[in-house]
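# Architecture and fold: a report
Here is what each chain is made of, one letter per residue.
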Amino acid sequence: MGSYLVIGMGRFGSAVATELYQMKNDVLVVDKLEEKVSNIINLVTNAIIGDTKDESVLISLDIPSFDCVIIATATAIEDSVLTAIMLKEMGAKMIVCKAQNEWHEKILVQLGVDKVIRPEYITGKRVAHSLSQKNIIEQLELSPEYSIIELTTPTHWINKSIGTSDLRKKYGITLLAIRSAKTDELSLSINEGTILYEGDILTLIGPKENLDRING
């Protein structure tokens, strides 16, 4: 069981936080908006209202005690950059940060962030992936046990629904998002009837050993 701090309760941050908690991890979330904290407080270990640009807020959280800190906000670039700087100074073991664009990503890399996520930057990877043996496009380690991966739809899932593929029961993983091969649009509205098509890019979270089974 790991210990995670997730900053920012947008769709991405909320999905990662709740899934990590369902996997029996300790998950503390922070957001400056009371409404977002109220919506998730019963779905994680603990949730607090706070602005992580305020150094005193981060100090109070005992940053070195977490296995991984995930900065899930990207709309205000200066906010995530400032938060990343302070986390590094406070001795964070691992920092994962969502980036808004290439410039934002470069800054975060220069700051020493361990992993930068750009969910929208995947179009060019489709071509590269078609030349490889694996479906996996990108992999993000959240801990020694858990990962988030992006991959094109495996052959055995093509033209099947989420319910038919039985991702949760059979593989113990959760589908966070789908980028359509037909429209290049990213969808977070996923249900049991959602159909997976050839070339779609899927974002999945789960135990590494379970994710490895997908291509097996």
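The structure this text deals with has already been given above.
Keep in mind it's a predicted model, so treat the numbers as computed, not measured.

With that settled, the discussion passes to the overall build of the chain. Helices and strands together make up the secondary structure of the chain, namely nine helices and 13 strands. Considering only residue pairs separated by 6 or more positions, the chain has 58% of its internal contacts joining residues 24 or more positions apart. Summed over all atoms, the accessible surface of the chain reaches about 10900 Å², with 50% contributed by carbon and sulfur.

Moving on: the side chain of Thr 153. Within the fold, Thr 153 resides in the loop between β8 (146-152) and β9 (160-161). A relative accessible area of 6% means that Thr 153 is categorised as buried. Within the local environment of Thr 153, its side chain forms a polar contact with the backbone oxygen of Tyr 197, the two atoms lying 2.9 Å apart.

Looking at the element boundaries, Ser 189 is found in the loop between β11 (186-187) and β12 (195-196). Expressed as a C-alpha distance, the spacing of Ser 189 and Ile 178, which sit eleven residues apart in the sequence, is 8.7 Å.

Okay, the packing of aromatic side chains next. According to the stated counting rule, one finds one aromatic pair in the structure shown. Ring geometry for Trp 157 against Tyr 171: centres 5.5 Å apart, planes inclined by 75°, an arrangement best described as edge-to-face. Pair noted here: Trp 157 is in the loop between β8 and β9 and Tyr 171 is in helix α8 (residues 167-171), with a separation of 14 residues, a long-range link. Taking the relative accessible area as the measure of exposure, Tyr 171 reaches 6% and is therefore buried. Positioned above the aromatic ring of Tyr 197 is the side chain of Lys 182, whose terminal nitrogen or guanidinium carbon lies 4.3 Å from the ring centre.

Attention now moves to the pairing of strand β1 (residues 3-7). Among the five residues in β1, five count as buried, and that is most of the element. Of the two faces of β1, the one carrying Ser 3, Leu 5 and Ile 7 and the one carrying Tyr 4 and Val 6 are both buried. Here β1 runs beside strand β2 (residues 26-31); their pairing, made up of five bridges, is parallel. Bridge assignment links Tyr 4 to a residue of β2, and that residue is Val 27. Crossover connection from β1 via helix α1 (residues 11-22) to parallel β2: handedness right-handed. Relative to strand β4 (residues 68-71), β1 runs parallel, the two being bridged by four bridges. Residue pairing across strands places Leu 5 opposite Val 69, the latter belonging to β4.

Its twelve residues place the ends of α1 16 Å apart at the C-alpha level, agreeing with the 16 Å of an ideal helix rising 1.5 Å per residue. Among the residues of α1, those classed as buried are Phe 12, Gly 13, Val 16, Ala 17, Thr 18, Glu 19 and Leu 20.

Backbone geometry at Asp 62 places phi at a positive 60°, although glycine is not the residue there. With respect to the helices and strands, the residue Asp 62 is situated in the loop between α3 (55-60) and β4. With relative accessibility at 45%, the residue Asp 62 sits in the partly exposed group. For Asn 159, which is not glycine, the phi dihedral falls at a positive 65°. If you trace the backbone, Asn 159 turns up in the loop between β8 and β9. According to the relative accessible area criterion, Asn 159 is exposed, its value standing at 55%.

Here we come to the sheet that holds strand β3 (residues 46-49). In spatial order, the strands read β3-β2-β1-β4-β5-β6; together these six strands make up an open sheet with parallel pairing. Both outer strands of the open sheet, β3 and β6 (115-117), are each paired with one neighbouring strand and no more. Adjacent strand axes in the sheet meet at a mean angle of 15° when their direction is disregarded. Contacting β1, β4 and β5 (95-98), helix α4 (residues 77-89) runs over the sheet at an angle of about 165° to β4.

Turning our eyes to something else, we now look at the layout of surface pockets. Taken as a whole, the second largest pocket holds about 250 Å³ of empty space. Mapped by element, the contributors of at least two residues to the lining of the second largest pocket are α7 (162-165), α8 and β10 (174-179). No other element matches the three residues that β10 contributes to the lining of the second largest pocket. Within the lining of the second largest pocket, the residues separate by chemical class into seven nonpolar, three polar and three charged.

Each value, and the rule that gives it
- Residues numbered from 1 in each chain as written.
- Predicted model: local features only at pLDDT ≥ 70, side-chain atom pairs only at ≥ 80, totals over all residues.
- Heavy atoms only, no water.
- Helix = DSSP H or I, 4+ residues; strand = E, 2+ residues; numbered from the N terminus.
- Contact = heavy atoms within 4.5 Å.
- Areas by Shrake-Rupley, 256 points an atom, 1.4 Å probe, with all protein chains shown as cover.
- Buried < 20%, exposed > 50% of the residue type's maximum accessible area, 1.4 Å probe, protein only.
- Polar contact = N/O pair within 3.5 Å; in protein donor to acceptor, adjacent residues only side chain to side chain.
- Phe/Tyr/Trp six-rings, centres within 6.5 Å; stacked < 30°, edge-to-face > 60°.
- Lys NZ or Arg CZ within 6 Å of the ring centre and 35° of its normal.
- Pairing = 2+ DSSP bridges.
- Right-handed = clockwise from strand over helix to strand, strands pointing away.
- Expected span 1.5 Å × (residues − 1).
- Axes fitted to C-alpha atoms, helices over the stretch in contact; angles between N-to-C directions.
- 1 Å grid on protein atoms, 1.4 Å probe; cavity = no way out; pocket = protein on both sides within 12 Å on 5 of 7 lines; lining within 4 Å.
- Points joined across faces, edges and corners; volume = space filled by probe spheres on them.
- Nonpolar A, V, L, I, M, F, W, Y, C, P; charged D, E, K, R; others polar.

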